[in-house]
Amino acid sequence: MSFLKKALAITRKDVLSELRTKEIIFSALVFTVLVIVTFNFAFSASQETTALVAPGILWVTFTFAGVLSLNRAFIPEKEENCLEGLMSSPVSREVIYVGKMLGSLLFMLIIEIIALPVFALLFNLPVFSAPLVTVTFLATVGFVAVGTLFSALAVNTKAREMVLPILFLPMVVPIIISAVKASGLALAGESWGALASWLQIIGAFDAIFLVVSFWVFAFVIEE
Amino acid sequence: MADEIKDVAPAQAIAVQELKKSFGHHLALNGVDFRVARGESVVVFGPNGAGKTTLIKILATIMNPSSGRIFIDGMSAKDSAEKIRRRIGVITHQTFLYGTLTAYENLEFYGRLYDVPRRKERIHEVVETVGMTSRLHDRVGTLSRGMQQRLSIARSLLHKPPIMLLDEPETGLDQQALVVLREALRAEDGARRTVVLTTHNLERGLELGDRLLILARGRIVYEGVTASLDLAGLREAYHQSTGVKA
Amino acid sequence: MKRYILFWVSLVLMLASLFLVFVYVPTEKEMGIVQRIFYLMVPMGWLALLSFFIVFICSILYLARRRDSYDALAYSSAEVGIFATTGALIVGCLWAKPIWGVWWTWEPRLTATLVLWFIYFAYFAVRSFAGEEARGARYAAVIGIVGFVDLPIVALATTLWRGMHPGGVIFSGGLAPSMLLTLLVSLGAYTVLYVLLLVHRTSVRQDEAFINSLKARLG
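Before going further, it helps to examine the interface of chain C and chain A. If you look at the interface, chain C gives 29 residues, while chain A gives 29 residues. Here chain C packs against chain A, burying approximately 2,600 Å² in sum over the two surfaces, 80% of which is carbon and sulfur. Counting the surface chain C buries against chain A, the share from its top three residues, F129, Y139 and I153 of chain C, is 24%. Here chain C is connected to chain A by two salt bridges. Salt-bridge contacts for E222 of chain A lead to R66 of chain C; the nearest nitrogen and oxygen are separated by 2.7 Å. Seen at the junction of chain C and chain A, the total is seven residue pairs in polar contact (both at pLDDT 80 or more). Listed by contribution, the elements that provide at least two residues to the side of chain C that touches chain A are α4 (108-130) and α5 (133-161) of chain C. In terms of residue class, the side of chain C that touches chain A is made up of 21 nonpolar, four polar and four charged.

Right under this line is the structure:
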């Protein structure tokens, strides 16, 4: 219980800090809307093409917004070396991972909750179905699980903004493929049965990478 | 193995055996051995790159050694890192504080991580110790460097650590903060704290420590008792053991 | 000594495989002469996977025991692996052109190989990004572990993604005994070659590290 309590203390700290600066959510959100609008120009969307490209646009947008916000996740920990403050506190490295991961998950879900209606409005699509919400949520969990690990890794490298996408995007290929396919089916009004195999892949990815990232995180932040 | 541990406990607050740490091909610590008794203050001098910061980080269990063993209050750093961290307060020239949060929020956060009982009262206590009560609800980023350092001292005292580790704490400290620091190192609840402190400043080191070590190229090259040395004597010893003029 | 044996075994097997591929095995009916490239493509793909498996194992060992030799082995295996992966991609393109009429097709196995290539790339890139050698080795080990665990999911997702495509072009029909023999000998030849390259590369890598440590000591 103490594990979760302390992880949540870290999450709470990140939320508090985000409420002050609005750095991550605000900029990622503006970015998201801009990308959606830009895609609209690029495809001069008619009703038929929209149905075809919409899931792709949605996930390209979320992917880049995610990279953008994950890139910021560990920067406050490096200023004044707060990460060492956390590491010298009586919490395990895994607590730090879970705390940071939950924070990033929350931020990304907030971005999606605001971006989805905008997307629905601009593309005239029914996004508020249980299948689409489920797909988005599960895909985001896997995305952030791996993303938090690589964010902690990238922050210690040269050219950190470039490093994260290069390392991270190949790893989340299964999530992106599955999320695009499953969202397409959900937008087309298919039933749960049609989505099942995609949801299974996303679920497997989530489970495996929550565990793997949890265990290797300590090796990433050690000095 | 068993007698080594018996040997270390219980009078020793810190025991370090054959400590080595390498970064790639660079040996930062090359076989360091020393002990610190309870309530004792040990000052570690040494030129840049001697391994002082590495030593503090390893003692604080932030960093893992490449080989060697560390016991804090008789507990092995490898097996009981979390228990050990509860007994240690760390101060470096970086404050470990978040600039976007207020002083209170920062202390509350660390208070949660350390399970500090009666958190609110304790925060007010430590903030008063460092004389920052009036700025408690200001964002840390808006405070002067010296004030941030004083808050950092308050942060390190929150959980009443019997052992303090300080890595060049005087860097960036203003006069007032230095007074606070000296005060903080002394004692709490009647018991003297155990202190390991690294510094460049020979004069201040002499004044703060009971015993001194000089570290050069990852090894202890000199050990002495501060009471038996004056500043000139220390300068001489430093120069002879490190080859660097202090 | 061991290396000489390996070298000769590898040479003999390689010659045998060339003989089988170009002389012994009959030309496949539907695809014609191009099909012979199959005996290069499968071993390349196999090596890509085998190398990454070795990277995975050595990465775990490196993180657990912190011995530089494990990192040298992982690094060397990854180097052979990225060559094999690049080879598999090129051969895949050469195969795709006459069969499907295009150089590149998002065929599941080819797509998964491309993703594998990017993961290998990340494995090397992270070392140079890390700035410090030991840190680079640690980060690379993390990529080696996470990447390997990712591979089955990548394979699954890409296969399902191209659901319409015939799943087992290669094995579904069952191979004629002569083809199977040729394939097995080729696989054996390339596997021995891999071991030989790995042994040599690892010892060169360790020599490099030794020289670097001497340099560091001399300042």
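Here we come to the sheet that holds strand β3 (residues 41-45) of chain B. What links the strands of a sheet is backbone hydrogen bonding, and the strands pair in either a parallel or an antiparallel sense. All names here are of chain B. Reading across from one edge, β6-β7-β10-β3-β11-β12 is the order of the six strands in this open sheet, with mixed pairing throughout. Looking along the sheet, the strands with just one partner apiece sit at the ends: β6 (88-92) and β12 (219-225). Sheet twist, expressed as the mean angle between neighbouring strand axes with direction ignored, is 15 degrees. The strands touched by helix α6 (residues 145-157) within the sheet are β6 and β7 (163-167), with β6 carrying the most contacts at an inclination of about 165 degrees. Each of β3, β11 (211-216) and β12 touches helix α9 (residues 231-242); the most contacted strand, β11, lies at about 30 degrees to it.

Quick look at α5 of chain C now. Because each turn of an α-helix spans 3.6 residues, side chains separated by three or four positions in sequence point in the same direction. The end-to-end C-alpha distance of α5 of chain C is 39 Å, a good match for the 42 Å that 29 residues give at a rise of 1.5 Å each. At L151 of chain C, α5 of chain C shows its largest bend, some 35 degrees, and a proline, P152 of chain C, comes one to four positions later.

This part is about the pairing of β12 of chain B. All names here are of chain B. Examined bridge by bridge, β11 and β12 share six bridges and lie antiparallel to one another. Each bridged residue has a counterpart across the sheet, and for L215 the counterpart in β12 is I220. Taken together, β11 and the strand that follows it, β12, pair antiparallel across an intervening segment of two residues, in which R217 is found at a positive phi of about 45 degrees.

Moving on: helix α2 (residues 52-59) of chain B. Residues and elements named next belong to chain B. By the criterion of burial, α2 is predominantly enclosed, with seven of the eight residues buried. Within α2 the residues assigned to the buried category are K52, T54, L55, I56, K57, I58 and L59. T61 occupies a position one or two residues after α2 and carries a positive phi of about 60 degrees.

What follows covers the interface of chain B and chain A. Residue-level contacts link 30 residues of chain B with 26 residues of chain A. For the chain B and chain A pair, buried surface summed over both sides reaches about 2,700 Å², with 54% attributable to carbon and sulfur atoms. Summed over the three residues of chain B that lose the most area to chain A, namely I62, Y98 and L113 of chain B, the buried surface amounts to 24% of that side. Salt-bridge contacts for R20 of chain A lead to E105 of chain B; the nearest nitrogen and oxygen are separated by 2.6 Å.

Quick look at the nonpolar core now. One finds F150 of chain A together with I14 of chain B to be the most contacted residues of the largest nonpolar core, which totals 197 residues. Of all hydrophobic cores here, the second largest spans eleven residues; its members include V25, V42, W95 and L183 of chain C.

Basis of the calculations
Residues numbered from 1 in each chain as written. Chains lettered and ligands numbered in written order. Predicted model: local features only at pLDDT ≥ 70, side-chain atom pairs only at ≥ 80, totals over all residues. Heavy atoms only, no water. Contact = heavy atoms within 4.5 Å. Buried area = accessible area lost by both parts, 1.4 Å probe. Salt bridge = Lys/Arg side-chain N within 4 Å of Asp/Glu carboxyl O. Polar contact = N/O pair within 3.5 Å; in protein donor to acceptor, adjacent residues only side chain to side chain. Helix = DSSP H or I, 4+ residues; strand = E, 2+ residues; numbered from the N terminus. Nonpolar A, V, L, I, M, F, W, Y, C, P; charged D, E, K, R; others polar. Pairing = 2+ DSSP bridges. Axes fitted to C-alpha atoms, helices over the stretch in contact; angles between N-to-C directions. Expected span 1.5 Å × (residues − 1). Bend = angle between axes of the 7 residues up to and from the residue. Buried < 20%, exposed > 50% of the residue type's maximum accessible area, 1.4 Å probe, protein only. Core = buried A, V, L, I, M, F, W, Y, C linked by side-chain atoms within 4.5 Å.

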